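# Report on the structure
Below, each chain spelled out in residue letters.
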Amino acid sequence: MTPNTIDSKDSVNSEVWDNLYQQRKSLLSYPDSSFVTLLHRHLTTAKHGHILDYGFGGGANMRVMLKRGHKVDGIEISDTVIEINNQILEEQNLVATLHNVQSHEALPFTDEKFDAVVAWHVLGYNSLLSLQSRIGEFIRVLKKGGCFIGTIPAYGDVSHDSGEAKNAFEFVSKVPTQNGAQIVCFESEQAVCEAFNLDMSVALLQSPLMDGSFSRHWVFLYEK
Ligand SMILES: C[S@@+](CC[C@H](N)C(=O)[O-])C[C@H]1O[C@@H](n2cnc3c(N)ncnc32)[C@H](O)[C@@H]1O
């Protein structure tokens, strides 16, 4: 697969998300049950003390990790959602360090800083090239023996079904609240492993949205 170039279209996604958060939309106040199950099954506070939560959004998953005893740094592309989370963290007497890092920027961390990297329901908001550049950065900041866990949209997800295809992996979202966002989506486990260039466990996570559409994501787990 030949990646295209990172261009100014990457900023479309930050505009789409910041606009949603300015309207206080898409702020999930509850954690994802599949994420909580995998967190407890695969990560411990003893071995995975320091976690990077990439694209923490409403922050509910992040607060589960903080309350469990992990130290967390978070990355977002929306200043608005960073402000909202800082306020919630203060109200709940929790501490996390939150950073605004855009897709084309390097992660502001030294090599092998984190015991785990979590990227839950966020990596779809990329071009193929920006995705692959992010993966390289995640592996760089992950300690040897550390864990990288996350999701990436699968064909049949609502974002794919309603999206306009640019090629087999890249789509322009037509989901009304995310119209114009640039997304990537994969047909098979093998396509995910090839795009990530990592030997990892991949499985399908599917939930009905009860309007005829589905949330369909590949869940992956990689140990460095
Ligand atoms: C569907 S929400 C998921 C939020 C959270 N991880 C969860 O599972 O509830 C996607 C989030 O990813 C953020 N995002 C999109 N593209 C990103 C990027 N390139 N880098 C960091 N965050 C990004 C958006 O601002 C949004 O908050």
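Throughout, residues of each chain are indexed from 1 in the direction in which the sequence is written. Reporting of local features is limited, given that this is a predicted model, to residues whose pLDDT is at least 70; pairs of side-chain atoms are given and counted only at 80 or more, and all residues count toward the totals for whole chains, interfaces and linings.

The C-beta atom of each residue is placed using the backbone, and any residue whose C-beta lies within 6 Å of a molecule or strand is treated as near it. Neighbouring residues of the ligand: 21 residues in total, closest Trp17, Gly55, Gly57, Val122 and Tyr125. Put simply, DSSP marks the helices as runs of H or I at least four residues long and the strands as runs of E at least two long, and each gets a number from the N terminus on. When contributions to the shell around the ligand are tallied by element, the ones reaching two or more residues are helix 1 (10–22) and strand 2 (71–76). Ten residues, namely Ala, Val, Leu, Ile, Met, Phe, Trp, Tyr, Cys and Pro, are considered nonpolar, four, namely Asp, Glu, Lys and Arg, are considered charged, and the remaining ones, Gly among them, are considered polar. Considering only residue class, the shell around the ligand consists of 10 nonpolar, 9 polar and 2 charged.

As a further point, take unusual backbone geometry. The phi angle at asparagine 93 is positive, at roughly 60 degrees, despite the residue not being glycine. Note on placement: asparagine 93 falls in the loop between helix 4 (79–91) and strand 3 (97–100). In this model, glutamate 112 sits at a positive phi of 55 degrees, which is unusual for a non-glycine residue. Along the chain, glutamate 112 falls in the loop between strand 3 and strand 4 (114–119).

UniProt positions are given in the numbering used here, feature names are shortened, and annotations may be inferred rather than shown by experiment. The feature "domain: Methyltransferase" (unreviewed entry), as annotated in UniProt, sits at residues 51–146 in this numbering. Annotated as residues 51–146, this span is 38% helix and 26% strand, and its ends, taken at the C-alpha atoms, are 10 Å apart.

Partly exposed residues are those falling between the two cut-offs: more than 12 but fewer than 20 other C-beta atoms within 10 Å of their own, whereas 20 or more means buried and 12 or fewer means exposed, with C-beta atoms placed from the backbone. If you check which residues of helix 2 (residues 33–42) are buried, you get Phe35, Leu38 and Leu39. Viewed end-on, helix 2 has its buried residues packed into an arc of 105 degrees, placing them on one side of the element. In helix 2, the exposed positions that point more than 90 degrees away from the buried face belong to Ser33, Thr37, His40 and Arg41. Here, residues touch in the contact sense if the C-beta positions derived from the backbone fall within 7 Å of one another. Structurally, helix 2 contributes buried residues whose contacts are with helix 3 (60–68) and strand 5 (142–153). Our arc is simply the arc of the directions from the helix axis toward the C-beta atoms.

What follows is about helix 4. The span expected for a helix works out to 1.5 Å for each residue beyond the first. With 13 residues, helix 4 should cover 18 Å at 1.5 Å per step; its first-to-last C-alpha distance of 19 Å lies within 8% of that length. Those residues of helix 4 that sit buried are Val81, Ile82 and Asn85. Buried residues of helix 4 fall within an arc of 100 degrees about the axis and therefore sit on the same side. In helix 4, the exposed positions angled more than 90 degrees off the buried face are occupied by Glu83, Gln87, Glu90 and Glu91. Looking one or two residues beyond helix 4, the residue adopting positive phi is asparagine 93, at roughly 60 degrees.

Another aspect to go through is the nonpolar core. The nonpolar side chains of soluble globular proteins are, as a tendency, buried together. Joining buried Ala, Val, Leu, Ile, Met, Phe, Trp, Tyr and Cys residues through C-beta atoms within 7 Å gives a set, and that set is a nonpolar core. Residues Leu52, Ala116, Val117 and Val118 are the most contacted members of the largest nonpolar core, which totals 53 residues. Excluding residues within four positions of it along the chain, leucine 52 makes contact with Asp73, Ile75, Phe114, Val117, Val118 and Val141.

Another aspect to go through is the sheet that holds strand 8 (residues 182–184). Strand pairing is assigned whenever DSSP identifies at least 2 bridges connecting the two strands. Strand order in the open sheet formed by 3 strands is 6-7-8, with antiparallel pairing between adjacent strands. This sheet does not close on itself; its edge strands, each paired only once, are strand 6 (164–165) and strand 8. Sheet topology places strand 7 (residues 170–172) next to strand 8; 3 bridges connect them, and they run antiparallel. Looking at strand 8, one finds that glutamate 170 is bridged to valine 184.

Confidence of the prediction at every residue is given by pLDDT, a number between 0 and 100. On average, residues of the protein chain score 93 in pLDDT, and 95% of them reach the 70 mark or higher. Across residues 1–9 the pLDDT falls below 50, and counting only partners more than four positions away or on other chains, this stretch makes 16 contacts in the model.

With that settled, the discussion passes to the pairing of strand 1 (residues 50–54). Counting buried positions along strand 1 yields 4 of 5 residues, so the element is predominantly enclosed. Classification remark: right-handed applies to a crossover when, strands pointing away from the viewer, the course from the first strand over the helix to the second runs clockwise. One crossover worth recording links strand 1 to the parallel strand 2 by way of helix 3, and it is right-handed. In terms of strand pairing, strand 1 meets strand 4 through 3 bridges, oriented parallel. When the bridges of strand 4 are listed, leucine 52 appears paired with valine 117.

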